[in-house]
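Below, each chain spelled out in residue letters.
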Amino acid sequence: MRTEFDCLFCSILLKFPVFRVESLVCYKRYTRMSDDVEEQMRQCHIEEVTAAESDEMSQKRKFSMEDSHPDFSLEEFLEVHQQQLQAAAIPSHFWPAIYYKLEKKVYDAGSSFEMVCEDGAAAFKCHARATCDIDPSDMSCVYLLDHALTFKPKTLRYCLRQLPGELKRWKEHFGINGATVTEREEDEDSVDEFICDEKTEQVLNAVDTSGEEPIECKTVKDLEAEEANLAQSPSEGSSIYEMSKKDDDDVITKLMEVIWKKAQTYSVRMRTKEYGEEDTPVWYLMDEFGMSIGHSLEPNFRAVPFYYTFDGNAYSLLFPVKAVKSGEFIDRNYIEGKTFVAHPEWKDALLHPWEPLDLSEVFIPRVVYRDDYYKIGRQNDQLPEKVVERHSFKSTDTLKIFADDIQLIEKLKKIKYELVDLIEEADVIWLRNHFYNYKDLANVNPRALVNQFPCENLLTVKDLFAACILSSPHGKSFDDKTLEYEPAWLPTTFNLEMELPAFVSHFQKREKKGLDNTWIIKPWNLARGLDMNVSDNLDFIIRSIESGPKIACKYIERPLLITRPDNGNNVKFDLRYIVFLRSVDPLDVCLYKNFWIRFGIKEFSLLHLDCNDTHFTVHNYGKANKVYQMTCHTFMTLVENHYPQLKWIEVQKKINGVIKGVFQLLAENPRPTNIVHDNQSRAMYGLDMMLKWNDAEETDLGVSFIEANFMPDCIRACEYYPDFADTVFQTLFTDEPLSDQVEKL
């Protein structure tokens, strides 16, 4: 039992089940915040008070730190947590009380606040108010709030299916009417603490065979692995799903529509080998009291998430920024964050989840990107100042290779090579990390070839590519009937960090016309399905930018489906192509003819947009049994057999045309929206493509470009085709004629 709050019309005894977040390195609330925006946020909060003022006020409070015998000293607490406290702009005079309350688990909000509910109203509509005067200079006026539920959008449905007691709790809290939650026997203790088990080997597929309902929601210890392993969520045909009745699903669906009015988010910084993939967002609900705190653009309180390293749990810290009188309702700014600070004019759009607005009849022009957008906050390439003579190596040469990754190099059989330690000695520079100093390379080693092009991030970083498209002549065309932008091979895309109101208007226009409104929300710089979500919920899409910069891409609602031989499901799929860029001016693009198919797992449907196994195809980072392997030649035959009207040779021509179109656009665009030609550059990319029906009658097949990845994982390619590594190096770095497996586009 945590805290008892006395309400005006009722008395509520709160018991807070908690998802534990285990073994996190550190936590960061506002991701990718520039220094000037962070400084503006700090200026919005109260000034520090003197130690004497804080000591004087603390005498009025009910606890004394002198009587405690902590396991950790204040100095040790600050050594670990001070940076986090400062990043959250928590005034320093609160720090000793935060330390004490976290150490002793002091939940004393009930001594200063009450929850006021109208008779018969759901807890969702309760409001918090002060029962005593509260002074922001009082060091003890900081309050510890539990996180009642921590989740990720893709796993919330599964977790609630496992624990009907939790589902019933949130159904009642949010006042969801209609369906009845299936009653099943549940361990009474499981309600006190909702724990994500840390055993990676027993992740979401775990099924209790004893006949009793599982008490714990199984998930992984490492949050990065959890996101990549979401393919391990149970199939709808599994016993876990069969235990849940349709009524439960109806309740969960309704809950997932409204939960975004109360859910909050923070990002966990993980150690990872992938650059830019360190921040993993999680969502949470504060306890019932925390959720009863109202909204104001001029709040009297702030509530910020805080990760307490010493017990491995996340909490929220509630503290005043203004003096509050007894009987006064307390509030916080729901849209506090870098987006509101950077774009205060977006206030109405940001508040849409709580204060709906209609922009369906408002024309909001698409953003015009300034040239500095492509440079701000990014490591900019140093372009060469002199032209280096173009050359290639002979296939018989022994290549001296400077590399930071030798996965592919170790697979070379025909190409002779030796590894060197200095760039100055290299013939080939093979890097997974970003190379940016082309200027110096031209001076110190003009004969070397590097596996990257200047400004290639315009292709591989999602927001930059979308900006390049919008800035090109192709991006100006718009179909009034379908509300889709050109080019046809790129799903309509909005950069939510730059044009949120325009997206809201576009979404509502589609809604009014009865068009499909399913979108896939992607972080700017992550791959492998990380922090990507499919949704038709405008509230969620708006709130998603709180966990980091996002783009919203129109989801392909009519993908070409194929029957997966191992389970008989008609699933979506995408195609991974290996593309070689050998020159930008003139454009020289080559395609590796063999491609890889990545299948979804479940029958395709738009019913459950949160189902990872239905809507995502990247499962090779999870359990191997989720991945169905098929050669491209078998796949071509399967498609032609399934769709007699399709001939793969014609389909491939369409795919080739789109791939070449992607590179033509980035080659022809003016600076700074083009990949820059450099005679010392060669590169290999992995391009993901999807096939779709352009019409409901399924007579017109289209091709969509999804994304491009630099230095794609080639383990599978080498397993399928033993000469793949040699083909890559021959195509990029030697004067050898193209092999039979490579064609020039």
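Here, the structure is the one placed above.
Residues numbered from 1 in each chain as written. Predicted model: local features only at pLDDT ≥ 70, side-chain atom pairs only at ≥ 80, totals over all residues. Heavy atoms only, no water.

J.: I'd like a description of the sheet that holds strand S19 (residues 449-450), backed by residues and values.
T.: The strand order S17-S16-S18-S19 describes an open sheet built from four strands, whose pairing is parallel. The open sheet has two edge strands with one neighbour each: strand S17 (416-419) and S19. Of the strand pairs in this sheet, strand S16 (residues 398-403) and S17 are connected by four bridges, and their pairing is parallel. Residue pairing in the sheet places Ile 401 in a bridge with Leu 419 of S17. The sheet strands contacting helix H22 (residues 724-733) are S16, strand S18 (428-430) and S19, and the helix crosses S18 at an angle near 125°. (Pairing = 2+ DSSP bridges. Helix = DSSP H or I, 4+ residues; strand = E, 2+ residues; numbered from the N terminus. Contact = heavy atoms within 4.5 Å. Axes fitted to C-alpha atoms, helices over the stretch in contact; angles between N-to-C directions.)

J.: Give a description of unusual backbone geometry that names residues and reports values.
T.: Of note, the amide linkage connecting Asp 585 to Pro 586 takes the cis form, showing an omega dihedral of 5°. As for its placement among the helices and strands, Pro 586 is situated in the loop between strand S28 (573-583) and strand S29 (588-592). Despite not being glycine, Cys 455 shows a phi value in the positive range, around 65°. Inspection of the secondary structure puts Cys 455 in the loop between S19 and helix H14 (457-460). Cys 455 sits in the buried class, given a relative accessible area of 12%. You will see that Met 711, though not glycine, has its phi angle at about 50°, which is positive. By the secondary structure assignment, Met 711 is in the loop between strand S32 (701-710) and helix H21 (715-720). Take Met 711: its relative accessible area is 5%, and that puts it in the buried class. (Buried < 20%, exposed > 50% of the residue type's maximum accessible area, 1.4 Å probe, protein only.)

J.: Give a description of the sheet that holds strand S25 (residues 550-554) that names residues and reports values.
T.: Read across the sheet, four strands follow the order S22-S25-S23-S24 without closing on themselves; strand pairing throughout is antiparallel. A single partner strand is all that each edge strand has here, and the edge strands are strand S22 (493-495) and strand S24 (533-535). Taken pair by pair, the neighbouring strands of this sheet meet at an average axis angle of 25°, ignoring direction. Two elements, S22 and S25, share three bridges in a ladder whose sense is antiparallel. Residue pairing for S25: Phe 494 is matched across the bridge by Ala 552. The strands that helix H16 (residues 496-513) touches are S22, strand S23 (519-523) and S25; relative to S22, the one it contacts most, it runs at about 140°.

J.: Run through the packing of aromatic side chains, naming residues and quoting values.
T.: Taken as a whole and judged by the stated rule, the model has 47 aromatic pairs. Between Tyr 592 and Trp 596, the ring centres sit 6.1 Å apart and the planes meet at 10°, which makes this aromatic pair stacked. Judged on exposure class, the residue Tyr 592 and its partner Trp 596 are both buried. An aromatic cluster of three or more residues is present, and its members are Phe 573, Tyr 577, Phe 595, Phe 599, Tyr 628, Phe 635 and Trp 648. Sitting above the plane of the Tyr 485 ring, Arg 366 keeps its charged end 4.7 Å from the centroid. (Phe/Tyr/Trp six-rings, centres within 6.5 Å; stacked < 30°, edge-to-face > 60°. Lys NZ or Arg CZ within 6 Å of the ring centre and 35° of its normal.)

J.: Can you break down the nonpolar core residue by residue, with the values?
T.: Judged by nonpolar contacts, the single largest core of 98 residues is most densely connected at Trp 430, Phe 705, Phe 724 and Phe 729. Of the residues that make up this core, three or more belong to each of domain 2 (342-364 + 492-555) and domain 3 (456-491 + 558-722 + 736-744). Excluding residues that lie within four positions of it along the chain, Phe 729 makes contacts with Leu 399, Ile 401, Leu 408, Ile 409, Leu 412, Ile 415, Val 428, Trp 430 and Thr 734. Grouped together as the second largest cluster of nonpolar side chains are 68 residues, Leu 167, Trp 346, Leu 496 and Ile 541 included. (Core = buried A, V, L, I, M, F, W, Y, C linked by side-chain atoms within 4.5 Å. Domains from an automatic or database assignment.)

J.: Describe in detail the packing of helix H3 (residues 74-87) against helix H4 (residues 95-104), supporting the description with residues and values.
T.: Helix packing for two helices is described by the angle between their axes and how far apart those axes are. Interhelical geometry of H3 versus H4 gives an angle of 115° and a closest axis separation of 11 Å. Taken together, the axes of H3 and H4 lie roughly perpendicular to each other. Here the hand of the crossing between H3 and H4 comes out right-handed. Counting all contacts with H3, which are made through Leu 74, Phe 77, Leu 78, Gln 82, Leu 85 and Gln 86, the residues of H4 involved are Trp 95, Pro 96, Ile 98, Tyr 99 and Leu 102. In the contact of H3 with H4, the residues fall into nine nonpolar, two polar and no charged. (Parallel < 35°, antiparallel > 145°, perpendicular 65-115°, else oblique. Left-handed = near helix turned anticlockwise from the far one by under 90°. Nonpolar A, V, L, I, M, F, W, Y, C, P; charged D, E, K, R; others polar.)

J.: Go over the pairing of strand S31 (residues 683-693), please, and point to the residues and values.
T.: The buried fraction of S31 is high, at 11 of 11 residues. On S31, burial covers both faces: Ala 683, Tyr 685, Leu 687, Met 689, Leu 691 and Trp 693 on one face and Met 684, Gly 686, Asp 688, Met 690 and Lys 692 on the other are all buried. When S28 meets S31, the two strands line up antiparallel, connected through seven bridges. Opposite Val 579, over in S31, you have Tyr 685 as the bridge partner. Pairing of S31 with S32, which is carried by nine bridges, proceeds in the antiparallel orientation. Paired with Leu 687 across the two strands is Ala 708, which belongs to S32.

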